[in-house]
Amino acid sequence: MALITLTEALDAARSGGYGVGAFNVTDLAQAEAVLDAAAETDSPVIVQTIAGSSAHGRDELYWKALVGLVAEYADVPVVLHLDHGASFDDCVRAIGAGFTSVMIDGSMRSDHVTPATFEENVAVTRRVVQYAHERGVSVEGELGTIGGSEDGGASIKKIVLADPDDAERFVAETGVDALAVAIGTSHGAYKFTSPPDGTVLRMDLISEIAERIPHTHLVMHGSSSLPAALRETINAHGGRLPESWGVPEAEKARSTTLGIRKINQGMDSHMAYSAAVRTYLDEDGIGVDPALYGSRGRVAMQEIVADRMQVFGQAGQAYRHRS
């Protein structure tokens, strides 16, 4: 079983009325943490990574190793997904490496600051869809602009909310399998200056867009909740994260009843990983062996991912992909 497409995972989620977490990983140890959490909770899972954003020196070597690692989890239904593909070429490389799903983020121009026009977004997305579908690979597009920074870098996107009319037209013109819709969420470790309400987190847009494109799966990006306890632990051991609020767990769970099927999470699990590593290094004082502090981070990441799988409703749903 192992590798499945995004469409297969989200079709099953729609049938079962749950969401599937898509967890960003930047090295093999983090990928192992996600896969172990999926095995522990008997969950289908989406393992995703961003081109050029890993602890490894070359995408191709890292991606080949990821495919090999997934193959070791024969009982876990896994989507291997390219998150925020910045170009057609990025998507082609990922498909060639064995990814079963790619996201083409045509919402921004090549400077990653200027929003693309609707027509520019459609053109690159349609091109990726044609190439990917010919090879049995699913495609996620993005409409509107999810704010923040996907990879923790200095480039910060301004939020541009998705428009339901545009969503209907975008799907008709591109044929994407899944669509990330901007509803006010943002990437990174700093999202909202106060607990989000309906004025900044537009959950109502999910229902309206879902009604317009009922056969296309919706995706929530920037959905980490930024747990205060993890922020406090990080800051107690040398960090300087500002106070911030993310997307509440209850809202993520509610989103799956409104039409969201894929829920992206990167920052929560990376905060858990970093909190464990910082704590170990600070308390040990003389520890320099990556095997020791890295394993602490991996275990902490597995624990929070397993918890999120319960929240999203995917726990116990792996049977849907077994014949």
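Residues numbered from 1 in each chain as written. Predicted model: local features only at pLDDT ≥ 70, side-chain atom pairs only at ≥ 80, totals over all residues. Heavy atoms only, no water.

**Re the packing of aromatic side chains**
We apply this condition: For Phe, Tyr and Trp, rings pair up if their centres lie within 6.5 Å, where Trp contributes its six-membered ring, and each pair is then called stacked (planes under 30 degrees apart), edge-to-face (over 60) or tilted (otherwise). The helix count covers DSSP runs of H or I at least four residues long, the strand count covers runs of E at least two residues long, and both are numbered beginning at the N terminus. Categorising residues by exposure relies on relative accessible area from a 1.4 Å probe, with only protein chains included: less than 20% of the type maximum marks a residue as buried, more than 50% marks it as exposed, and the intermediate range marks it as partly exposed.
Evaluated as defined, the whole model comprises four aromatic pairs. With a centroid separation of 5.6 Å and 80° between ring planes, the pair formed by Phe88 and Tyr131 is classed as edge-to-face. Of this pair, Phe88 sits in helix H4 (residues 88–97) while Tyr131 is found in helix H5 (residues 118–133), placing the two residues 43 residues apart along the sequence. The class for Phe88 is buried, based on a relative accessible area of 13%.

**Quick word on the packing of helix H9 (residues 249–258) against helix H11 (residues 290–312)**
The criterion, for reference: The axes are straight lines fitted to the C-alpha atoms, using for helices just the contacting stretch, and the angles between their N-to-C directions are given from 0 to 180°. Note on terminology: angles under 35 degrees are roughly parallel, angles over 145 are roughly antiparallel, angles of 65 to 115 are roughly perpendicular, and the others are oblique. The contact rule is simple, with two residues in contact once any of their heavy atoms fall within 4.5 Å. Charged residues are taken to be Asp, Glu, Lys and Arg, nonpolar residues to be Ala, Val, Leu, Ile, Met, Phe, Trp, Tyr, Cys and Pro, and polar residues to be all remaining types, Gly included.
Where H9 meets H11, the axes come as close as 9 Å, and the angle between the chain directions of the two elements is 45°. Of the possible angle classes, the one that applies to H9 and H11 is oblique. Contact residues: H9 offers Glu249, Lys252, Ala253 and Thr256, while H11 offers Arg308, Val311 and Phe312. Within the contact of H9 with H11, the residues separate by chemical class into three nonpolar, one polar and three charged.

**Topic: the confidence of the model for the protein**
Low pLDDT marks stretches whose predicted atomic positions should not be read closely. Rules: Every residue is assigned a pLDDT by the predictor, reflecting its confidence on a scale from 0 to 100.
For the protein, the average pLDDT comes to 90, and 90% of its residues sit at 70 or higher. Between residues 148–156, whose pLDDT stays under 50, and residues either more than four places distant or in other chains, the model counts 17 contacts.

**Notes on the nonpolar core**
This is how the line gets drawn: As used in this record, nonpolar core signifies buried Ala, Val, Leu, Ile, Met, Phe, Trp, Tyr and Cys residues forming a set joined through side-chain atoms within 4.5 Å.
Formed by 70 residues in total, the largest nonpolar core has its most connected members in Val45, Leu179 and Leu218. Beyond its immediate stretch of four places on either side in the chain, Val45 contacts Val20, Gly21, Phe23, Val34, Leu35, Ala38, Val76, Pro77, Val78, Val79, Met309 and Gln314. Residues Ile4, Tyr18, Ala22 and Ala178 belong to the second largest nonpolar core, which totals 15 residues.

**Digging into the pattern of salt bridges**
Operational definition: Counted as salt bridges are all cases of a side-chain nitrogen of Lys or Arg within 4 Å of a carboxyl oxygen of Asp or Glu.
Enumeration according to the criterion identifies 18 salt bridges in this entry. Across the salt bridge formed by Arg308 and Asp268, the nearest N and O atoms sit 2.9 Å from each other. A residue pair is termed long-range when its members are at least 10 positions apart, and Arg308 in helix H11 and Asp268 in helix H10 (residues 267–284) qualify at 40 residues. Each member of the pair Arg308 and Asp268 is classed as buried. A salt bridge links Asp307 to Arg308; the nearest nitrogen and oxygen atoms lie 2.8 Å apart. For Asp307, a relative accessible area of 37% puts it in the partly exposed group. Note on Arg308: relative accessible area 5%, which makes it buried. Each member of the salt-bridge network shares a partner with another, and the members are Glu249, Lys252, Asp268, Asp307 and Arg308.

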